[in-house]
Number of protein chains: 2
Amino acid sequence: MTNKKGQVIVITGPSGVGKGTILKNVMEADKSLCFSVSATTRAARPGEVDGVDYYFVTRERFDEMVKDGELLEYAEYSGNCYGTPRKPLEKLLNEGYDVILDIEIQGARNVMKTFPEAIFTFIMPPSFETLEKRLLKRGTETPEKMALRLETAKRELECFKEFQYIIVNDKLEDAVEDFKAVIRAGRCRCSEYIKNKRGI
Amino acid sequence: MTNKKGQVIVITGPSGVGKGTILKNVMEADKSLCFSVSATTRAARPGEVDGVDYYFVTRERFDEMVKDGELLEYAEYSGNCYGTPRKPLEKLLNEGYDVILDIEIQGARNVMKTFPEAIFTFIMPPSFETLEKRLLKRGTETPEKMALRLETAKRELECFKEFQYIIVNDKLEDAVEDFKAVIRAGRCRCSEYIKNKRGI
């Protein structure tokens, strides 16, 4: 990579809105993007790989990371803890990568304090019913946990106004193109130009 | 078009930086974009068409437009007056078109007051020498006017910090893609979502 420094891109939105699929498509198309791997105390879902999807840690280890300042942000969500390890993120930024943080809303709010110059994107379902259907189809949760997730999702949808960009995930291709545009436009921001001093 | 209301996109930068070529490419690819035709007192260049490239008006008519509040913004530049007629712009926005204003820096500053929610883009040459060469190649000016234009360009380049986005016109294809991304990301802004109330 060049000696340019990357930007931080935060993507958030209710569970089941399709963040993962959008990210997968965008990252395959752009090799200057990296994914910040979160640490979590939740159990791995089938197919999830430690160190790739998440760092799966115990509650004790998580508390230790918090205490030692190893996390840029962290939040509890549906009974589990999630956090962004600081060092790998800073290393990637210095190598010139744009780093994507796929995090919960409370975590995104915390990043607004630490990295106000990050790009904040909220993914919105076309309707609440669509979201409900997607969550039920996933079927990896107990009915109690599912009810909790739906409640949380409803509350989270009301927070969209706190975010710079709203991408409606109706047609996946459109949402992917929207997110690509948000990232590319982010690189054209005046603050990025000054940071990386290109041209004149 | 839908009942969505369009956004205003301002593109500015020194004379000779290639705004016209970028615009031509972007507008051919996106039919929901419209061009705001400015009024000017300057003489038409070969090939320029009245009502398409500019409304070519006399100084008397221009002063009348200013007096009657027909212009959204206006500015004097290199001895000529330029202004944005208000009514056609508002009509296009209400029809759902995104409207591009290709205007001088002073005009852009005026739009910041009238339309702070517009997107402000500054086109930057890769170097001052490149800009100088492009201007000399155009060769439509007397040497005195050319010297004045170069002086103005130098001063204008220092204003880039006032603008949200900086697009370096080094490779045309890249600049075109950058500008497309800025427009598309603009449509994803939270304020646009609220204005047009899509989704939930």
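It should be noted that the structure appears before, not after, this text.
Owing to the predicted nature of the structure, the values given are computational and were not obtained by experimental measurement.

> Could you clarify how one ought to interpret the overall build of chain A in this entry?
Looking only at helices and strands, chain A has 8 helices and 9 strands in total. Dimensions along the principal axes, computed over C-alpha positions, put chain A at roughly 60 × 40 × 30 Å. For chain A, with 200 residues in total, the buried portion stands at 50%. When contacts within chain A are restricted to residue pairs at least 6 apart in sequence, long-range pairs at least 24 apart make up 70% of them. Carbon and sulfur atoms make up 52% of the accessible area of chain A, which totals about 9,800 Å². For chain A, the centre of its 32 positive side-chain charges and the centre of its 32 negative side-chain charges are spaced 4 Å apart.

> What's the story with the nonpolar core in this structure? I'm lost.
Formed by 104 residues in total, the largest nonpolar core has its most connected members in Phe179(A) and Phe179(B). Apart from residues no more than four positions distant in its own chain, Phe179(B) is found in contact with Ile9(B), Ile11(B), Ile22(B), Leu23(B), Val26(B), Ile100(B), Thr121(B) and Ile167(B).

> Would you mind showing me how to read the relation of the copies chain A and chain B here?
Between the two copies of the chain lies a rotation about an axis combined with a shift along it. Note on the identical chains: chain A maps onto chain B by a rotation of 180° and an axial translation of 0.0 Å, with an RMSD of 0.0 Å. Between the two chains, the operation in question is that of a two-fold axis. For chain A, the smallest separation between a C-alpha atom and the rotation axis is recorded for Ala181(A), amounting to 2.2 Å.

> I keep staring at the packing of aromatic side chains and nothing clicks. Help me out?
Each aromatic ring pair is specified by the distance between its two centres and by the angle formed by the two planes. Residue and element names in this part refer to chain B. Under the counting rule described, the total for this entry stands at 10 aromatic pairs over all chains. Considering the side-chain rings of Phe62 and Tyr74, the 6.4 Å spacing of their centres and the 75° angle between planes classify their relative orientation as edge-to-face. With Phe62 in helix α2 (residues 59-67) and Tyr74 in strand β5 (residues 71-77), the pair connects residues that are 12 residues apart, well separated along the chain. Note on Phe62: relative accessible area 1%, which makes it buried.

Conventions we followed
- Residues numbered from 1 in each chain as written.
- Chains lettered and ligands numbered in written order.
- Predicted model: local features only at pLDDT ≥ 70, side-chain atom pairs only at ≥ 80, totals over all residues.
- Heavy atoms only, no water.
- Helix = DSSP H or I, 4+ residues; strand = E, 2+ residues; numbered from the N terminus.
- Buried < 20%, exposed > 50% of the residue type's maximum accessible area, 1.4 Å probe, protein only.
- Contact = heavy atoms within 4.5 Å.
- Areas by Shrake-Rupley, 256 points an atom, 1.4 Å probe, with all protein chains shown as cover.
- Lys, Arg positive; Asp, Glu negative; His and termini not counted.
- Charge placed at Lys NZ, Arg CZ, Asp CG, Glu CD.
- Core = buried A, V, L, I, M, F, W, Y, C linked by side-chain atoms within 4.5 Å.
- Least-squares fit on C-alpha atoms with pLDDT ≥ 70 in both.
- Phe/Tyr/Trp six-rings, centres within 6.5 Å; stacked < 30°, edge-to-face > 60°.

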